[in-house]
Amino acid sequence: MAELIDGKKVAEEVLAECVQEIAELKERGIVPGLAVVLVGEDPASQVYVNSKARKCGELGIYSEKIVLAEDSTQEEVLATVRRLNEDPAIHGILVQSPPPPQINEEEIVRAIDPAKDVDGFHPENVAKLALEDPSGFVPCTPAGCMRLIKAAGVETSGAEAVVVGRSMIVGKPMALLLMARGSDATVTVAHSRTRDLAAVCRRADLLVAAVGIPEFIQADFIKEGATVIDVGINRVEDASTKRGYRLCGDVAYEEVAAKAGAITPVPGGVGPMTIAMLMKNTIKAARGAS
Ligand code: GUN
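Reading guide: rules and limits
- Residues numbered from 1 in each chain as written.
- Predicted model: local features only at pLDDT ≥ 70, side-chain atom pairs only at ≥ 80, totals over all residues.
- Heavy atoms only, no water.
- Helix = DSSP H or I, 4+ residues; strand = E, 2+ residues; numbered from the N terminus.
- Rg over C-alpha atoms; globule rule 2.2 N^0.38 Å.
- Contact = heavy atoms within 4.5 Å.
- Areas by Shrake-Rupley, 256 points an atom, 1.4 Å probe, with all protein chains shown as cover.
- Pairing = 2+ DSSP bridges.
- Axes fitted to C-alpha atoms, helices over the stretch in contact; angles between N-to-C directions.
- Near = heavy atom within 4 Å.
- Polar contact = N/O pair within 3.5 Å; in protein donor to acceptor, adjacent residues only side chain to side chain.
- Nonpolar A, V, L, I, M, F, W, Y, C, P; charged D, E, K, R; others polar.
- Phe/Tyr/Trp six-rings, centres within 6.5 Å; stacked < 30°, edge-to-face > 60°.
- Buried < 20%, exposed > 50% of the residue type's maximum accessible area, 1.4 Å probe, protein only.
- Lys NZ or Arg CZ within 6 Å of the ring centre and 35° of its normal.
- Expected span 1.5 Å × (residues − 1).
- Arc of directions from axis to C-beta.
- Parallel < 35°, antiparallel > 145°, perpendicular 65-115°, else oblique.
- Left-handed = near helix turned anticlockwise from the far one by under 90°.

### Brief notes about the overall build of the protein
Okay, so step 1: A tally of helices and strands in the protein yields ten helices and eleven strands.
Okay, so step 2: Expected size for 290 residues packed as a compact globule is a radius of gyration near 19 Å; at 19 Å, the protein falls within 12% of this value.
Okay, so step 3: Projecting the C-alpha coordinates of the protein onto the three principal axes gives extents of approximately 50 × 40 × 35 Å.
Okay, so step 4: A separation of at least 24 residues holds for 70% of the contacts in the protein among residues at least 6 apart in sequence.
Okay, so step 5: With an accessible surface of roughly 13,500 Å², the protein has 53% of that area assigned to carbon and sulfur atoms.

Here it is in structure tokens:
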């Protein structure tokens, strides 16, 4: 049975570091500030945005939650971003993804001041990640995965890592982090067009699942003893629960845990790490602005 990688516990360690760093900044008269922009009413996005704002409150980070109507125009969202770019109380700006279909997300991301881009989605920060330039912002979810992998004591150097998913939010930056100097994994990025995906995944000493399909990764995808990082947070209907749904990952947990060496649960794995790394990035942005 696999060892459980406890994301809640590791996130608490990261947040304890944040508390210390925020206290140091406040001694210098700087209160880190984060603006979280939500366009529309997607229920999952509302949950994420609220938990980001709540975590700021707990840590003493100033936060603004800006909710724009579902039918907002591109210009309205751009105007909000430009206002926040100029606001000295705001060090980090995050526009929750995905926005409604009328919004061109790429243009919104490019409008964010790269020095306030705590999501690490701006092309300047994507380039810095590829260049291994530590002055950039690393996207929070893959940064959180790396921290979990380190905390679990998993050797990445020379290891076969397979990332399933090629999104700009998780898959691509995850692959860059795993192959970077210091991590030194041999990285394969698999996706929906990959031939014989199960066989590719079975090569992995370290498997990162970021496909967004509930319980897609099954036991026959897993090499005995592999480390499995499950990035998926999927809502599946479940009439027996109060909310009418339950959360599950991209990994069929029970059968994979029986074969893996170590695994992250959902919830309580990567999710809490994403928020913790967002707090870290906001502190880094506040430091950079001083
Ligand atoms: N949607 C899912 N994950 C993320 C994230 O890390 N940042 C933003 N802005 N939107 C998301």
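### Regarding the sheet that holds strand S8 (residues 227–230)
Within a sheet, each strand pairs with its neighbour through backbone hydrogen bonds, oriented either parallel or antiparallel.
Okay, so step 1: Taken together, six strands build an open sheet; the order of strands is S1-S11-S8-S7-S5-S6 and the sheet is parallel. The open sheet terminates on both sides in strands that have one partner only, identified here as strand S1 (3–4) and strand S6 (186–190).
Okay, so step 2: With four bridges connecting them, strand S7 (residues 206–209) and S8 associate as parallel partners. Bridging from a neighbouring strand, Ala 209 pairs with Asp 230 of S8.
Okay, so step 3: Sitting on the sheet, helix H7 (residues 171–179) touches strand S5 (160–164), S6 and S7, and the angle it makes with S5 is about 170°.

### Considerations on the site of the ligand
Okay, so step 1: Every residue close to the ligand is listed here: Leu 94, Val 95, Gln 96, Ser 97, Asp 119 and Phe 121.
Okay, so step 2: Within the contact set of the ligand, a nitrogen atom lies 3.2 Å away from a side-chain nitrogen or oxygen of Gln 96.
Okay, so step 3: A total of 280 Å² of accessible area belongs to the ligand in isolation, and the protein chains cover 84% of it.
Okay, so step 4: For the shell around the ligand, the class distribution of residues is three nonpolar, two polar and one charged.

### Points about the packing of aromatic side chains
Okay, so step 1: Scanning all chains against the criterion turns up one aromatic pair.
Okay, so step 2: With centroids separated by 6.0 Å and ring planes inclined at 70°, the aromatic side chains of Phe 216 and Phe 221 adopt a geometry described as edge-to-face.
Okay, so step 3: The partly exposed category is assigned to Phe 216, whose relative accessible area is 28%.
Okay, so step 4: Taking relative accessible area as the criterion, Phe 221 reaches 10% and is therefore assigned buried.
Okay, so step 5: The aromatic ring of Phe 137 is capped on one face by Lys 284, whose charged end is 5.7 Å from the ring centroid.

### A look at helix H3 (residues 74–86)
Okay, so step 1: Compared with the 18 Å implied by 1.5 Å per residue over 13 residues, the 19 Å span of H3 between its first and last C-alpha is a close match.
Okay, so step 2: Listed in full, the buried residues belonging to H3 are Gln 74, Val 77, Leu 78, Thr 80, Val 81, Leu 84 and Asn 85. Looking straight down H3, one finds its buried side chains confined to an arc of 155°; they lie on one side.
Okay, so step 3: Of the surrounding secondary structure, the elements contacted by the buried residues of H3 are strand S2 (33–39), strand S3 (62–68), strand S4 (92–95) and helix H4 (105–111).

### Brief notes about the packing of helix H1 (residues 7–27) against helix H10 (residues 270–289)
Okay, so step 1: One can describe the packing of H1 onto H10 by two numbers: an axis separation of 8 Å at closest approach and a directional angle of 20°. Classified by the angle between their axes, H1 and H10 sit roughly parallel to one another. Considering only the axes of H1 and H10, their crossing is left-handed. Across from Gly 7, Lys 8, Val 10, Ala 11, Val 14, Leu 15, Glu 17, Cys 18, Glu 21, Ile 22 and Leu 25 in H1, the residues of H10 making contact are Pro 272, Met 273, Ala 276, Met 277, Met 279, Lys 280, Ile 283, Ala 286 and Arg 287.

### Observations regarding the packing of helix H6 (residues 140–151) against H10
Okay, so step 1: Where H6 meets H10, the axes come as close as 8 Å, and the angle between the chain directions of the two elements is 110°. For the element pair H6 / H10, the angle class is roughly perpendicular. Handedness of the H6/H10 crossing: right-handed. Touching Cys 140, Thr 141, Ala 143, Gly 144, Cys 145, Arg 147 and Leu 148 of H6 are Val 270, Met 273, Thr 274, Met 277, Leu 278 and Asn 281, all from H10.

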